[in-house]
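# Observations on the three-dimensional arrangement
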Amino acid sequence: MLYLVLKLILRTGLWVFFRRFVVRNRHLMPVRGPLLVVANHPNTFMDPIVIASLLPQQVYFIAKSTVFSSPLHNWLLHRMNLIPIHRQADTPGVPIDNEATFRASYQALKERKTLLIFPEGTSFNERRLRKIKTGTARMALGAVAHMPAVANLQILPVGLNYSDPTRFRSDVFVNVGRPIAVAPYLTQYQQDEKGTVNELTDQIRQQLEKLIVITPSDDEDALVRQIEQVYKEKLAAQTPIEAPRHVRDFLLTRAIVKGLAHFMETQPERVERFRNKMRSYTQQLQELDLQHLPTMEENNVLLRQSLARTLLLTLTMPLYLYGLINNYLAYIIPSKVADALTEEQEFRAPIMLSVGIFSFPVLYALQALSFGTSGQTPYICCYT
């Protein structure tokens, strides 16, 4: 009951938090287990919320043991379907024993449940894929090898692509891949356990790489984003991609990354000159407080739009001011709480989502209560 209530609340919060919440190939998501869902991990607690909100069945989460930091957390998180896993990075120098984790995971799969795992092992706010740990493959192959009830176990790869993981009203593009059947690896696994685990791990990595945008470094990612900002719409108009906008944008970004990698290898001096020009251009935009410099055609369109929007704004100014004043407090509280609780960018979005789920309803409830109280008419009764 706790899981279902929280899922309903968080699903509503996601549609408010994100400007666009788009899912590609949702039909590939199995509606029942046994199932292992694997995904990249750029946005800490936001990632499991996004994925779990899309699956109709309950999801069990493999989470690092450090979040089970008190008896209360241990009691609550277990009831929210979290299974702790111990990592060498959390306890350096101490032997790791995850036997209990594997037992709990096997039991969940035996009961045809769904497990969500982030095989990178930790979260990074960057557009790339870290080294994939072998634990997912070992768990999947071990389950199929020792439990006939899970012979049809599948691994579902999911790619999470955020336009800005830390910003309210940003976009998220969930790219679902084709499930990987584990049974075909069983014969090979019985002959060569380690080799098969590595092969399945590599297959998981390859499938995830197809579903996300990958930039090799922060510098290249910054340059790709600058190219997107300046050229993406022009490239989209010149590239006949028959696909919805979110898929087209994803494919164009991957093409930009691939093209940049080609020129960095073949013409590095040209890329460096271009990088310097883009850096100068971006700096000028920041000084002018602009997103980009409009073309002549865009200027004409902008003029017409500005006149129409000025008229519309003038007519609707009272409604705008009411909405701004009415929602400002509920909007600003999550941001202030996030500032107070963390300096890590990866944690800002989930904190803002969690606080906003309560700040907006509480504010509206208080308003309704105050209006209801102020609207009561005193009743005076006189006796003679």
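These numbers come from a predicted model, not from an experiment.

Moving on to the overall build of the protein chain. Along its length, the protein chain carries twelve helices and eight strands. A buried classification covers 40% of the 384 residues belonging to the protein chain. Long-range pairs, those at least 24 residues apart, make up 71% of the contacts in the protein chain between residues at least 6 apart in sequence. Only carbon and sulfur atoms are counted for the fraction: they give 59% of the accessible area of the protein chain, which is about 23000 Å².

Excluding glycine, residues mostly have negative phi values, and the peptide bonds linking residues are mostly trans. In this structure, Pro34 follows Gly33 across a cis peptide bond, with omega equal to 5 degrees. As for its position among the elements, Pro34 is in the loop between β1 (20-24) and β2 (35-39).

Pairing is possible between side chains that carry opposite charge, provided their charged atoms lie close to one another. In total, this model carries 16 salt bridges according to the counting rule given. The shortest N-O distance in the salt bridge between Arg130 and Glu126 comes to 2.6 Å. We note a salt bridge from Arg167 to Asp164, for which the minimum N-O separation is 3.6 Å. Exposure remark for Arg167: the relative accessible area of 41% places this residue in the partly exposed category.

Our next topic: helix α2 (residues 46-54). Counting buried residues in α2 gives nine out of nine residues, a clear majority hidden from the surface. Looking only at α2, the buried set comprises Met46, Asp47, Pro48, Ile49, Val50, Ile51, Ala52, Ser53 and Leu54.

Attention now goes to the packing of helix α8 (residues 218-238) against helix α10 (residues 268-288). For the pair α8 and α10, interaxial distance at closest approach is 10 Å and the crossing angle is 65 degrees. Between α8 and α10, the interaxial angle falls into the category roughly perpendicular. Relative to α10, α8 is oriented so that their crossing is left-handed. Seen from α8, the contacting residues are Asp219, Glu220, Leu223, Gln226, Ile227, Gln229, Val230 and Tyr231; seen from α10, they are Val271, Phe274, Arg275, Met278, Arg279, Tyr281, Thr282 and Leu285. The residue makeup of the contact of α8 with α10, split by class, is nine nonpolar, three polar and four charged.

Attention shifts here to the packing of aromatic side chains. Counted by the stated rule, this structure contains nine aromatic pairs. Plain terms: the ring middles of Phe18 and Phe21 are 6.1 Å apart, the flat faces sit at 85 degrees to each other, and that makes the pair edge-to-face. This pair shows no difference in class: Phe18 is buried, exactly as Phe21 is. Here the aromatic cluster, defined as three or more aromatic residues joined through ring pairs, consists of Trp15, Phe17, Phe18, Phe21, Tyr162 and Phe168.

With twelve residues, helix α4 (residues 99-110) should cover 16 Å at 1.5 Å per step; its first-to-last C-alpha distance of 16 Å lies within 8% of that length. Where the residues of α4 are buried, they touch β2, β3 (59-64), β4 (82-85), β5 (114-117) and α5 (135-146).

Cut-offs used in this document
Residues numbered from 1 in each chain as written. Predicted model: local features only at pLDDT ≥ 70, side-chain atom pairs only at ≥ 80, totals over all residues. Heavy atoms only, no water. Helix = DSSP H or I, 4+ residues; strand = E, 2+ residues; numbered from the N terminus. Buried < 20%, exposed > 50% of the residue type's maximum accessible area, 1.4 Å probe, protein only. Contact = heavy atoms within 4.5 Å. Areas by Shrake-Rupley, 256 points an atom, 1.4 Å probe, with all protein chains shown as cover. Salt bridge = Lys/Arg side-chain N within 4 Å of Asp/Glu carboxyl O. Axes fitted to C-alpha atoms, helices over the stretch in contact; angles between N-to-C directions. Parallel < 35°, antiparallel > 145°, perpendicular 65-115°, else oblique. Left-handed = near helix turned anticlockwise from the far one by under 90°. Nonpolar A, V, L, I, M, F, W, Y, C, P; charged D, E, K, R; others polar. Phe/Tyr/Trp six-rings, centres within 6.5 Å; stacked < 30°, edge-to-face > 60°. Expected span 1.5 Å × (residues − 1).

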